[in-house]
Amino acid sequence: MPNNNPKSSTSRHGMWQNKGTFILAAAGSAVGLGNIWKFPYIVGENGGSAFIIIYLLSIVLIGVPIMMAEITLGREGRFSPINTMQKLVDYAKAHKAWTLIGWGGVLTGFLILSYYEVISGWALHYATEYGSHALGLKPVSEAMSAQDHWDNFQASPLKLILFQTLFVILTVVVISKGVNEGLEKAIVWLMSALFLLLLVLLFYSMFAGAFAQSVNYMFNPDWSKLGVRSVITALGHAFFTLSLGMGAIMAYGSYLPEDVHIPSTVILIALLDTVVAIVAGLVIFAIVFANPALEPGAGPGLLFITLSSAFMGGMPGGIFFGTLFFILVGVAALTSLISLTEPAIAWVVEKYNVSRARIAITIGVVAWILGLGTVFSFNLWSDFHLIGNQTFFDVIDAATSNIMLPLGGLFTALFIGWVMPKEQIFKQLSLSELGFKAWQIVIRWVAPIGVAIVFLYTYISAS
Ligand code: TRP
């Protein structure tokens, strides 16, 4: 149980060495499938840059202030999100119900984790396929069309499970080694690789792709395709891409040294995340547009079918750069998976005093089993519709991104804005009087009302 000591300056799980590794860890959490797989296809589906403008507004007005809130809570509590909330609720003598922010977060994390591992597995499968062509282990002439390859792959639960399992193992290995020996070491390596790969691919797409067309597509707004749905998608994605609303960033904040300035750090993290999403989008659309037969608005298959047929369809060096591309997706996914697992791990370690390794395996197995639902959504259960025409995967994806994360963020904002003693937060944020006032207005009014309006709209337009 957490003690009631209102302030401790370190966490029992370990501390980030410095500001730099925290930024890499939080950016590693933020940059993931959301940036490289999801962002480009939702941009495609919602008419390009008009959507990007709404998305950027959600990041600046709602995402950034809530990320500051989560880190502040984490650093004030210095425990896993569940116990941090418990401690802060006790300290503020608030209603017990607020601790649901911690519990809800762990549940949401499990649900996201379960499908995230499956999709990360897709990237790894593509990386190994492309890699074996690139290394000459498998003749390119044996490659099927991108669509056939995808259909074959998705029709095979065993293959999907194999690659899902590999990601579960990678995550368990890193997380079981702890904050400094596991997370921090892995993240520094993986993030360096990520920035390097992205840079190489950016240059490639400038030379080999239709880069100007891609820029035009991403930065010339077409408002006609923007609907009410697009707004909730943009807002949900702002939470998803910044890893907000489930305690991941709160857990990372609990390992943050006292002297790091939270607001400036958050702005940097949000900027890194946005830049990676936009660069990834530019790269992907430049490669897709280089092939006139292909369409940008191809839904979840954009990366694995459309992009893949572009790489395989005679782009210069397509197989080599395709390999790099799918390695990039896998690397980005792994640093996010680590952060999705950390809140639950930290809580069990605190509660039962067991070793991280043991609990990491248990949590890995639970998420793996839950993930089978996503695996089967693409084959055995593809005709089984949970709600409307949505598969198990569709429902989990929509429920977590569009409902649970925004709700988690909403209650986090309300808690820090209205319940926590002001002096406590003021010290943590170390903003000027004016800056603090502005942040407080956003966190008390703008963010909650924004999320509420979007919810109401969706509810009304759905009924
Ligand atoms: N932000 C990651 C992405 O864009 C996904 C992610 C990692 C996440 N940790 C999270 C999403 C916590 C919500 C909550 O792919």
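Because the structure is predicted, anything quoted here is derived from the model rather than measured. (Residues numbered from 1 in each chain as written. Predicted model: local features only at pLDDT ≥ 70, side-chain atom pairs only at ≥ 80, totals over all residues. Heavy atoms only, no water.)

A closer look at the overall build of the chain
Short version of the rule: Comment: elements are numbered from the N terminus, with helices defined as DSSP H or I runs of at least four residues and strands as E runs of at least two. We compute the radius of gyration over the C-alpha atoms and compare it with the globule rule, which gives 2.2 Å times the number of residues raised to the power 0.38. We call two residues contacting when some pair of their heavy atoms lies within 4.5 Å. Accessible areas in this description were obtained via Shrake-Rupley with a 1.4 Å probe; residue shielding takes into account the shown protein chains only.
Helix and strand counts for the chain stand at 18 helices and zero strands. Compactness check: the chain gives a C-alpha radius of gyration of 22 Å against a globular reference of 23 Å for 463 residues, within 12% of the reference. Its C-alpha atoms give the chain principal-axis dimensions of roughly 65 × 50 × 40 Å. Counting only contacts in the chain whose residues sit at least 6 apart along the sequence, the fraction spanning at least 24 positions is 82%. Accessible surface, the chain as shown: approximately 18,000 Å² in total, 69% of it carbon and sulfur.

Overview of the site of the ligand
Rules: The cutoff for a nearby residue is simple: one of its non-hydrogen atoms must lie within 4 Å of the molecule or strand. Each polar contact in these results corresponds to two N or O atoms within 3.5 Å; when the atoms are within protein, one needs to be able to donate a hydrogen and the other to accept it, and residues that are neighboring in sequence are counted only if both atoms are side-chain atoms. Charged residues are taken to be Asp, Glu, Lys and Arg, nonpolar residues to be Ala, Val, Leu, Ile, Met, Phe, Trp, Tyr, Cys and Pro, and polar residues to be all remaining types, Gly included.
Among the 17 residues in the neighbourhood of the ligand, the closest are listed as Ala-30, Gly-34, Tyr-116, Phe-240 and Ser-243. One of the backbone N or O atoms of Gly-34 is found 2.7 Å from an oxygen atom in the ligand. Ser-243 has a polar side-chain atom sitting 3.0 Å from a nitrogen atom of the ligand. Against a free-state accessible area of 360 Å², the protein chains account for coverage of 100% of the ligand. Listing elements by their share of the shell around the ligand, those giving two or more residues are α1 (19–30), α2 (33–45), α5 (100–134), α10 (228–241) and α14 (318–352). Classifying every residue of the shell around the ligand by side-chain character gives nine nonpolar, eight polar and no charged.

A short note on the packing of aromatic side chains
Using the following cut-off: Only the six-membered ring of Trp is used, alongside the rings of Phe and Tyr, when aromatic pairs are assigned; centres must lie within 6.5 Å, and planes under 30 degrees apart are stacked while those over 60 apart are edge-to-face, with the rest tilted. Accessibility here uses a 1.4 Å probe with only protein chains present; expressed as a share of the type maximum, an area under 20% marks a residue as buried, one over 50% as exposed, and anything in between as partly exposed. Lysine and arginine charges are scored as sitting over a ring when NZ or CZ, respectively, is within 6 Å of the ring centre and within 35 degrees of the ring normal.
With the rule as written, the count across this model stands at 36 aromatic pairs. Centre to centre, the rings of Tyr-130 and Phe-326 are 5.4 Å apart; their planes meet at 45°, and the pair counts as tilted. Residue Tyr-130 is found in helix α5, and its partner Phe-326 is found in helix α14; the two are separated by 196 residues along the sequence. Taking 5.3 Å as the distance between ring centres and 90° as the angle between the ring planes, the aromatic pair formed by Phe-325 and Phe-326 counts as edge-to-face. Both residues of the pair, Phe-325 and Phe-326, count as buried. Just above the ring of Phe-240 sits the side chain of Lys-38; from NZ or CZ to the centre is 4.3 Å. Across the ring face of Trp-418, the terminal group of Arg-444 is positioned such that the distance to the ring centre comes to 4.3 Å.

Remarks on the nonpolar core
Note the threshold: Only buried residues count toward a nonpolar core. Its members are Ala, Val, Leu, Ile, Met, Phe, Trp, Tyr and Cys residues joined through side-chain atoms within 4.5 Å.
Counting residues in hydrophobic clusters, the biggest one holds 158 residues, and the most contacted among them are Leu-303, Phe-304, Phe-325 and Trp-439. In terms of residues, this core owes the most to one element, α14, which gives 19 residues. In this structure Trp-439 touches Pro-65, Met-68, Ala-69, Ile-416, Ile-425, Leu-429 and Leu-431, once residues within four positions along its chain are discounted.

Describing the side chain of Glu-342
Here Glu-342 lies in helix α14. With sequence-adjacent residues up to four places away left out, Glu-342 is seen in contact with Ile-175, Val-179, Leu-183, Ala-251, Tyr-252, Tyr-255 and Arg-356.

A few points about the environment of Asn-389
Looking at where Asn-389 falls in the secondary structure, it is placed in the loop between α15 (356–377) and α16 (392–419). By relative accessible area, Asn-389 is classed as exposed at 61%. Taking the C-alpha atoms as reference points, Asn-389 and Ile-59, 330 residues apart in sequence, are found 30 Å from one another.

Here we look at α2
This is how the line gets drawn: Here the expected span of a helix is defined as 1.5 Å times the quantity of residues minus one. Throughout, the bend at a residue refers to the angle made by two axes, fitted to the seven residues ending there and to the seven starting there.
Here α2 is 13 residues long and its end C-alpha atoms lie 17 Å apart, about the 18 Å a rise of 1.5 Å per residue gives. Along α2, the sharpest kink reaches roughly 35°, centred on Phe-39 and followed within four residues by the proline Pro-40. Of all 13 residues making up α2, 12 are buried, and the element is well covered by its neighbours. Taken as a whole, α2 has its buried residues at Leu-33, Gly-34, Asn-35, Ile-36, Trp-37, Lys-38, Phe-39, Pro-40, Tyr-41, Ile-42, Val-43 and Gly-44. Just downstream of α2, Gly-47 is the residue with a positive phi angle, here 85°.

Remarks on the environment of His-149
Positionally, His-149 belongs in helix α6 (residues 146–154). Along the backbone, His-149 and Trp-189 are 40 residues apart, and their C-alpha atoms lie at a distance of 32 Å. When residues no more than four places from it in sequence are discounted, the contact partners of His-149 are His-125, Tyr-126, Glu-129 and Met-144.

Looking at the environment of Ala-25
As for its position among the elements, Ala-25 is in helix α1. Using a relative accessible area of 1% as the deciding quantity, one classes Ala-25 as buried. A C-alpha to C-alpha distance of 15 Å links Ala-25 and Arg-75, two positions 50 residues apart in sequence. Contacts of Ala-25, omitting those with residues within four sequence positions, involve Trp-16, Ile-187 and Tyr-252.

Description of the pattern of salt bridges
Side chains that differ in sign of charge can pair as their charged atoms come close. To keep things clear, this is the line we draw: Any carboxyl oxygen of Asp or Glu within 4 Å of a side-chain nitrogen of Lys or Arg constitutes a salt bridge here.
Applying the stated criterion across every chain yields a total of six salt bridges. Glu-181 is the salt-bridge partner of Lys-185, the closest N and O atoms lying 2.7 Å from each other. Here Lys-185 and its partner Glu-181 are both found in helix α8 (residues 178–208), four residues apart, which amounts to about one turn of the helix. When its relative accessible area of 49% is taken as the criterion, Glu-181 is described as partly exposed. Here Glu-342 ties to Arg-356 by a salt bridge, and the two come within 2.6 Å at their closest N and O atoms. Placement of Glu-342 in helix α14 and of Arg-356 in helix α15 is noted, with a sequence separation of 14 residues between them. Assigned by exposure class, Glu-342 and Arg-356 land together as buried.

Topic: unusual backbone geometry
With phi around 65°, Arg-78 is a residue other than glycine that occupies positive phi space. With respect to the helices and strands, Arg-78 occurs in the loop between α3 (49–77) and α4 (81–91). By relative accessible area, which is 1% here, Arg-78 ends up buried. For Ser-430, which is not glycine, the phi dihedral falls at a positive 35°. With respect to the helices, strands and loops of the structure, Ser-430 is situated in the loop between α17 (422–429) and α18 (433–462). A residue is classified by how much of its surface remains accessible, and Ser-430, at 44% relative accessible area, is partly exposed.

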